[in-house]
Amino acid sequence: DTLARALSTPLAKALGQPVVVENLAGAGGVSGTAQMVRAPKDGQTLALVSSNHVINPAIYPSMPFDSLKDITPITVVGTVPLVLAVTNAVPANTLKELLAHAKAHPGQLNYGSAGNGSVLHLAAELLKSEGSIFVTHIPYKGTGPLTTDLIGGQIHMAFLSVTAAAPHIKAGKLKALGVSTLQRSAVLPDVPTLAEAGLPHWMALIGPAGLPPAQVQRYYQAMHATLATKEVQDALGAQGIALVGMAPEKTEPFFKTELAKHAALVKKAGAVKD
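## Side note on the environment of isoleucine 55
Reasoning step 1: Structurally, isoleucine 55 is set in helix α3 (residues 52-59).
Reasoning step 2: Here isoleucine 55 falls in the buried class, since its relative accessible area comes to 1%.
Reasoning step 3: Residues isoleucine 55 and lysine 41, 14 residues apart in the sequence, show an inter-C-alpha distance of 25 Å.

Shown next as structure tokens:
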């Protein structure tokens, strides 16, 4: 919602028409995307989706739409780096020290997430797999209680968005061991990147299935111009969002790759919902 509202005014200027933002929360974005899929196929109703869009098909036994066939990917707008944060009681200041400690104490560490199948859950599952460690998953209903318990030491570690974690890291309430992207975050410039790219949280603009190529290009060019404005770069940079502006011809293959990657991680983590 914050991203959409930051983009709406300059995007409306680039398109030469009003852009109205409607926040439709629920089921990891399924509810809002379903409404876009059901809307008239005139290209006037688009959706700004997160990486949950490619996770949901593996989590939910039934979906009201096909995450590829019922949409037209337009562009990946940007990514929000995740940061691996640990409570101060954990005797590790680097990823290498954390992995060594976890291997020396198998099953004694735990990690929190915003719920089964969330980006924060799958990022930690990727770390477990790549680092060959055994830590216990503690799912929460949202990042608020997760962050509170992490600061309080009730859980040992978690992946959080950089924007959510940065104030607590800078205040010394949490330790940051690495960010999930290939480049350091401007919000936490002193925190190194993780060896593996991880699962950055991304946002993409999509339209209904069958959106004409000319209309796709119109929306992409308008978004590209919007992301180039200083107003948007300053606003989103302050939130830790790395702007991407992926071209349409690369966005659809990206969606397919992300769907396959997340399906494998969800299966391995056993995160399917009833």
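## Description of the sheet that holds strand β7 (residues 174-179)
Reasoning step 1: Taken together, the 5 strands give an open sheet; going across it, the order is β5-β4-β6-β3-β7, and neighbouring strands pair in mixed fashion. Among the strands making up the open sheet, the edge pair consists of β5 (136-139) and β7. The mean angle between the axes of side-by-side strands here comes to 30°, regardless of whether they run parallel or antiparallel.
Reasoning step 2: As paired strands, strand β4 (residues 110-113) and β5 are joined by 4 bridges and run parallel to one another. Residue serine 113 lies in a different strand from β5, and its bridge partner there is proline 139.
Reasoning step 3: Docked against the sheet, helix α6 (residues 143-152) engages β3 (82-87), β4, β6 (157-161) and β7, running at close to 135° with respect to β6.

## Side note on the environment of histidine 201
Reasoning step 1: As for its placement among the helices and strands, histidine 201 is situated in strand β8 (residues 201-208).
Reasoning step 2: It is 25 Å that separates the C-alpha atoms of histidine 201 and alanine 92, two residues lying 109 residues apart in sequence.
Reasoning step 3: Every residue in contact with histidine 201, bar those within four places of it in the chain, is listed here: Ser50, Ser51, Asn52, Gly78, Thr79, Val80, Leu82 and Val119.

## Regarding empty space enclosed by the protein
Reasoning step 1: The full count for this structure, using the stated rule, is 2 cavities of 30 Å³ or more.
Reasoning step 2: Within this model, the largest cavity holds a volume of roughly 40 Å³.
Reasoning step 3: Breaking the lining of the largest cavity down by element, the ones donating at least two residues are α5 (119-131) and β6.
Reasoning step 4: Of the residues that constitute the lining of the largest cavity, the class distribution is 9 nonpolar, no polar and 1 charged.

## A word on the nonpolar core
Reasoning step 1: Counting residues in each nonpolar core, the largest one holds 46 residues, and the members touching the most others are Val83, Leu98, Phe159 and Leu188.
Reasoning step 2: If one sorts the elements of this core by residue count, α5 sits on top with 7 residues.
Reasoning step 3: Excluding its chain neighbours within four sequence positions, the residues that come into contact with leucine 188 are Val83, Val162, Ala166, Ile169 and Lys170.
Reasoning step 4: Residues Ile74, Val80, Tyr220 and Leu236 belong to the second largest nonpolar core, which totals 20 residues.

What counts, and at which threshold
Residues numbered from 1 in each chain as written. Predicted model: local features only at pLDDT ≥ 70, side-chain atom pairs only at ≥ 80, totals over all residues. Heavy atoms only, no water. Helix = DSSP H or I, 4+ residues; strand = E, 2+ residues; numbered from the N terminus. Buried < 20%, exposed > 50% of the residue type's maximum accessible area, 1.4 Å probe, protein only. Pairing = 2+ DSSP bridges. Axes fitted to C-alpha atoms, helices over the stretch in contact; angles between N-to-C directions. Contact = heavy atoms within 4.5 Å. 1 Å grid on protein atoms, 1.4 Å probe; cavity = no way out; pocket = protein on both sides within 12 Å on 5 of 7 lines; lining within 4 Å. Points joined across faces, edges and corners; volume = space filled by probe spheres on them. Nonpolar A, V, L, I, M, F, W, Y, C, P; charged D, E, K, R; others polar. Core = buried A, V, L, I, M, F, W, Y, C linked by side-chain atoms within 4.5 Å.

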